[in-house]
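Here is what each chain is made of, one letter per residue.
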Amino acid sequence: MKETLIDLKNRRSCRKYEAKQITEEELNAVLEIGTYAPTGHGTQSPVMVVVQDKAVRDRLSVINGAIMGAKIDPFYGAPTAVIVFADTSAPTGRQDACLVLGNLMNAAHAVGLGSCWINRAREMFEKPELADLRTKWGLKPEMEGMGICILGYMPEGVKIPCKARKEGYIIRD
């Protein structure tokens with residue numbers, strides 16, 4: 001239990017990655033933990049789509065950056081993107097998808113990978129130019145992009161500092 005608490009306390013969002021692809025073993029370990037995220041009534045409503053094809057990943061990055069109004073790589077060079085879709089027909093679909101994203105990031109840290117939650121998935125997958133991917137992946141219309149968990153190796157020696165915890169974070173009655 002102590003190691004879990006240490007991992008949860010020390011995980012940070014990584015915004016710089018090596019180009020090298022993560023291993024299948026690492027990816028599968030992270031994805032498995034994603035499937036164990038709590039979901040309302042155990043419905044397991046979210047869907048995870050793994051993108052490791054560089055052309056698709058780069059296409060998604062360009063669209064995400066355009067939504068942001070910037071010509072940058074909002075995926076920070078990470079070679080893997082896991083897009084989490086929420087089932088909006090489920091009463092807790094969006095919350096379920098957020099919990100999956102949290103599990104993915106915590107699992108990534110536990111296996112030695114960097115990760116970061118990238119926003120704008122909803123806006124991306126509302127765009128007609130990504131309808132082909134939605135169809136290819138077999139996503140139902142009620143599936144809404146919730147977030148993207150990018151994964152990769154952090155450059156050696158990179159230490160991401162922890163910000164001090166804010167005053168008033170916890171209120172006790």
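Just so we're clear, the structure is a prediction, and the values are computed from it rather than from any experiment. (Residues numbered from 1 in each chain as written. Predicted model: local features only at pLDDT ≥ 70, side-chain atom pairs only at ≥ 80, totals over all residues. Heavy atoms only, no water.)

Engineer: How would you summarise the environment of L113 if you had to cite specific residues and measurements?
Structural biologist: Relative to the helices and strands, L113 is located in the loop between α4 (93–110) and β3 (114–118). Look at L113 and you get buried, because its relative accessible area is 5%. Between the C-alpha atoms of L113 and G152, which are 39 residues apart in sequence, the distance is 5.7 Å. Filtering out sequence-adjacent residues up to four positions away, L113 remains in contact with I22, E26, V30, A108, G152 and Y153. (Helix = DSSP H or I, 4+ residues; strand = E, 2+ residues; numbered from the N terminus. Buried < 20%, exposed > 50% of the residue type's maximum accessible area, 1.4 Å probe, protein only. Contact = heavy atoms within 4.5 Å.)

Engineer: Explain the nonpolar core to me, using residue names and the numbers behind them.
Structural biologist: By size, the foremost hydrophobic cluster in this structure holds 23 residues, and its most contacted members are L60, I148 and I150. Of all elements in the fold, only β1 (47–51), α3 (54–68), β2 (80–87), β3, α5 (121–125) and β4 (143–152) reach the threshold of two or more residues within this core. Setting aside chain neighbours within four positions, we find I150 in contact with C14, Y17, F75, Y76, A78, T80, A81, G114, S115, C116 and I118. V84, A97, A108 and L151 belong to the second largest nonpolar core, which has 20 residues in total. (Core = buried A, V, L, I, M, F, W, Y, C linked by side-chain atoms within 4.5 Å.)

Engineer: An account of the side chain of T80 is needed here, citing residue identities and associated values.
Structural biologist: Inspection of the secondary structure puts T80 in strand β2. Looking at T80, the relative accessible area reads 1%, which means it is buried. Separated by 2.3 Å, the side chains of T80 and Q21 make a polar contact. Non-local contacts of T80, meaning those with residues more than four positions away in its chain, are made with Q21, I22, L27, V50, V51, Q52, C149, I150 and L151. (Polar contact = N/O pair within 3.5 Å; in protein donor to acceptor, adjacent residues only side chain to side chain.)

Engineer: Which residues make up the packing of aromatic side chains, and what values go with them?
Structural biologist: Within the structure shown, the criterion is met by 3 aromatic pairs. With a centroid separation of 5.0 Å and 70° between ring planes, the pair formed by F85 and F125 is classed as edge-to-face. Of this pair, F85 sits in strand β2 while F125 sits in helix α5, and the two are 40 residues apart along the sequence. With a relative accessible area of 0%, F85 lands in the buried category. Three or more aromatic residues link up through ring pairs in this structure, and these residues are F85, F125 and W137. The side chain of K166 reaches across the aromatic face of Y169, ending 4.9 Å from its centre. (Phe/Tyr/Trp six-rings, centres within 6.5 Å; stacked < 30°, edge-to-face > 60°. Lys NZ or Arg CZ within 6 Å of the ring centre and 35° of its normal.)

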